[in-house]
Amino acid sequence: MSLPKLSIFFGAGAEIGYGLPSGGKFALDIFRTSNEEDKEIFRKKIHSIDRMSQLATQWLPDNYANKRLNVFGKGEFEGLIASSLENRRQNILNYLNNFDENVLVLLSDWTVTDNIINSKFTEETEEQIGQKRYSQTIRLNEKLATQVPLFDSAYFSAFLRLLQIHPQDRYLKRIIRAILELLVGAFGQNLVSQLNEELFTQAPDEISVFDDLTGIFSLNYQGVGQTGMEIIIEEQPIEIDDTTEGITIFKELGRSILEDIYCQAMDYQSLIDSHFRYLYNPKAHWAKFSRIAIFLHTVQRYIIENVNIDAQRLKDGPGYYHDLIDLQEEFNLIAVGTTNYNNFVKQVIKGTSIEQTPVYHLNGSVNDYYDPYKNEILTIPSAIEEEGRILVPFMFTQSGVKPLTSVEMSRKYVELYDHFIDSDIISVIGYGFNSDDGHINGLFRSLVEKENKKLYIFHYKDSNETNTQIERYYQEKLRLNSTSNIKVFLMDKQRNVNDEIWFNSLVKELVMS
């Protein structure tokens, strides 16, 4: 009897167990990485282009070899913050409205325990955290918000209390200011958006002049969110332990909280979206062309050299990729899809009986390169293939539509889609179906609605939400009409569902069906 056919799709969450950072932390680390080395590599590549070639004479600007190369820097912070407040302000408000709960989650895996922090706070103030709160002494302008749960937060009140005791501590003051900037900025963007969208609550439809008055109001983003970005990008973490003085521990806690907020709420994708299209027109937009090209080289180098993976675990397990080897007795693994850029899946299954299983990187990989001039993707190009071309690492596919039209990338999507159709079970692990990956979400939506395939989604349980609530959450993410073809399994950090390894749940599903 043949084994049931299984296809699996992995997102970034599948690799956290191997020591890789989450998506938000990954983006922050890249912005902290020096790009001087990548700048020089790109300069050499530009200088190697034949000045009499079609590429040089028709596509590149005059005197391209001597033009200055630009990179992302502080100047992009304002755009990042503006996009985040516009598109993800609710994420910021949700974090700040549940400040204590988020801090406790952070402390559950932090350098110092919450008990130590409480005792250090008592040493500083002779009070308990939460004993005094500021909900009755601080009021935000009611035009922005009538209720602000942040001021009733025990931990945020603790930060304010310490600033009262240490009014000259500039670092602590910057941390509190950064949090307040995000609070005011998110509420302010709500107000600005409401005013711009509903400037006239009533007007005659036949008089169009009222529709012309839109987008009048805007925030001054120079004063909102910049402080926090500077702290998390430029300030080094403070080494602390149980013996560190209380004020220092709270400084590092404040920096960690800001990092947590920015990891969850910053719209880093907007920076890529706003520059990716300039890869196609260096003659007219050389500065933006060089920024995105060098940035992609920095991302690739960071993934290859600087990601602190658990080498022993990657070699011997345990982890989701090693589970692929163990599940062979129950399933015939026919395909693996992933949004991750490294090649750890292939590395883990090499030398096993599933070594030939195709692995499809739908957002590109560290081995893929893109030629924007020819709209062509190459995997591990040879020296001959690279000669006379400007190739950039192919990642962040979701940032540009045009790379998806290349023959090579189209083929990957079609082949994986066909494997999914041919599978008895389609399993999704560590993938969040975020809007940035709309091209991949569309693939899954088509499988569910047009092919009537069922998705088995493994969800890390970090809250009290029920399976039904989480299924509805994924229904909204995928924009499906119902949850009938979604099955969610709640999983713990050991990759277990109801105290059994995750793929046993799939075996039981087949028995029941």
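Going by the structure above, here's the rest.
No experiment lies behind these values; they were computed from the predicted model shown.

S.K.: It is not clear to me how the overall build of the chain should be interpreted in this structure. Could you clarify?
M.R.: When helices and strands are counted, the chain shows 22 helices and 11 strands. Against the 2.2 N^0.38 benchmark of 24 Å for 513 residues, the chain shows a C-alpha radius of gyration of 25 Å, consistent with a compact globule. Residues classed as buried in the chain amount to 52% of the 513 residues present. Taking the contacts inside the chain whose residues are at least 6 apart along the sequence as the reference set, 75% of them involve residues at least 24 apart. Carbon and sulfur atoms make up 46% of the accessible area of the chain, which totals about 25300 Å². Taken as two groups, the 51 positive and 72 negative side-chain charges of the chain have centres that lie 4 Å from each other.

S.K.: How do you make sense of the pattern of salt bridges when you look at a structure like this?
M.R.: Once their charged atoms are close, side chains differing in charge can pair, the charge on each being opposite to the other. Under the counting rule described, the total for this entry stands at 22 salt bridges. With a shortest N-O distance of 3.4 Å, Asp316 and Lys315 are connected by a salt bridge. Since its relative accessible area comes to 45%, Asp316 is described here as partly exposed. When its relative accessible area of 62% is taken as the criterion, Lys315 is described as exposed.

S.K.: Please clarify how the sheet that holds strand 4 (residues 364–371) should be interpreted in this entry.
M.R.: Two orientations exist for strands paired in a sheet by backbone hydrogen bonds: parallel and antiparallel. Read from one edge to the other, the open sheet built from 3 strands follows the order 5-4-6, with strand pairing classed as antiparallel. Among the strands making up the open sheet, the edge pair consists of strand 5 (376–379) and strand 6 (392–395). Sheet twist, expressed as the average angle between the axes of neighbouring strands with direction ignored, equals 50°. Looking at chain direction, strand 4 and strand 6 are connected through 3 bridges and run antiparallel. Bridge pairing links Gly364 to Met395 in strand 6.

S.K.: For this particular structure, what's the right way to read the nonpolar core?
M.R.: The nonpolar side chains of a soluble globular protein tend to be buried with one another. The biggest cluster of nonpolar side chains holds 126 residues, and the ones touching the most others in it are Phe99, Ile117 and Phe444. In contact with Ile117, other than residues within four places in its own chain, are Leu107, Trp110, Val112, Ile129, Tyr155, Ile249, Phe250 and Leu253. Listed in part, the 30 residues of the second largest apolar core include Ile8, Tyr18, Tyr321 and Phe458.

S.K.: What am I meant to see in unusual backbone geometry here?
M.R.: Apart from glycine, the bulk of residues carry a negative phi angle, and the bulk of peptide bonds sit in the trans form. In the segment running from Gly317 into Pro318, the intervening peptide bond is cis, with an omega of 0°. By the secondary structure assignment, Pro318 is in the loop between helix 15 (311–316) and helix 16 (320–326). Even without glycine at this site, Glu126 takes up a positive phi of about 60°. Looking at the element boundaries, Glu126 is found in the loop between helix 7 (114–125) and helix 8 (154–165). The exposed category is assigned to Glu126, whose relative accessible area is 71%. Located in the positive-phi region is Arg479, a residue other than glycine, with phi close to 60°.

S.K.: What should I look at first to understand the packing of aromatic side chains in this one?
M.R.: The relation between two aromatic rings is expressed through the spacing of the ring centres and the mutual angle of the planes. Summed over all chains, the structure comprises 27 aromatic pairs. Relative to Phe250, the ring of Phe159 lies with its centre 5.4 Å away and its plane at 80°, an arrangement referred to as edge-to-face. Taken together, the positions of Phe159 in helix 8 and Phe250 in helix 12 (residues 246–265) put the pair 91 residues apart, joining distant regions of the chain. Judged by relative accessible area, which is 0%, Phe159 ranks as buried.

S.K.: I'm lost on a negative patch on the surface in this one. Help?
M.R.: On the surface, a cluster of negative charge is made up of Asp205, Glu206, Asp211 and Asp212. Note that Asp212 resides in helix 10 (residues 209–212). Exposure remark for Asp212: the relative accessible area of 57% places this residue in the exposed category.

S.K.: Sorry, what's going on with the layout of surface pockets here?
M.R.: A probe matching the size of a water molecule, rolled over the atoms, marks out where space remains unfilled. Computed from the structure, the second largest pocket encloses a volume of approximately 280 Å³. What lines the second largest pocket is a set of 17 residues, and nearest its centre among them are Phe31, Thr33, Asn35, Phe72 and Gly73. Considering every element that reaches the lining of the second largest pocket, the biggest residue donor is helix 14 (residues 286–306), with 4 residues. Tallied by class, the residues present in the lining of the second largest pocket amount to 8 nonpolar, 5 polar and 4 charged.

S.K.: Looking at this structure, how should I read the sheet that holds strand 3 (residues 359–361)?
M.R.: The 6 strands are arranged 3-2-1-7-8-9 in an open sheet whose pairing can be described as parallel. Looking at the sheet topology across the chains shown, the edges are occupied by strand 3 and strand 9 (486–491). Shown here is a sheet whose adjacent strand axes are inclined to one another by a mean of 20°, direction ignored. Two elements, strand 7 (residues 425–429) and strand 8 (residues 455–460), share 4 bridges in a ladder whose sense is parallel. Bridge pairing in strand 8 links Val428 to Ile457. Docked against the sheet, helix 21 (residues 467–478) engages strand 8 and strand 9, running at close to 125° with respect to strand 9.

Cut-offs and rules
- Residues numbered from 1 in each chain as written.
- Predicted model: local features only at pLDDT ≥ 70, side-chain atom pairs only at ≥ 80, totals over all residues.
- Heavy atoms only, no water.
- Helix = DSSP H or I, 4+ residues; strand = E, 2+ residues; numbered from the N terminus.
- Rg over C-alpha atoms; globule rule 2.2 N^0.38 Å.
- Buried < 20%, exposed > 50% of the residue type's maximum accessible area, 1.4 Å probe, protein only.
- Contact = heavy atoms within 4.5 Å.
- Areas by Shrake-Rupley, 256 points an atom, 1.4 Å probe, with all protein chains shown as cover.
- Lys, Arg positive; Asp, Glu negative; His and termini not counted.
- Charge placed at Lys NZ, Arg CZ, Asp CG, Glu CD.
- Salt bridge = Lys/Arg side-chain N within 4 Å of Asp/Glu carboxyl O.
- Pairing = 2+ DSSP bridges.
- Axes fitted to C-alpha atoms, helices over the stretch in contact; angles between N-to-C directions.
- Core = buried A, V, L, I, M, F, W, Y, C linked by side-chain atoms within 4.5 Å.
- Phe/Tyr/Trp six-rings, centres within 6.5 Å; stacked < 30°, edge-to-face > 60°.
- Patch = residues over 30% accessible without salt bridge, like charges linked within 9 Å, V, L, I, M, F, W, Y side chains within 5 Å.
- 1 Å grid on protein atoms, 1.4 Å probe; cavity = no way out; pocket = protein on both sides within 12 Å on 5 of 7 lines; lining within 4 Å.
- Points joined across faces, edges and corners; volume = space filled by probe spheres on them.
- Nonpolar A, V, L, I, M, F, W, Y, C, P; charged D, E, K, R; others polar.

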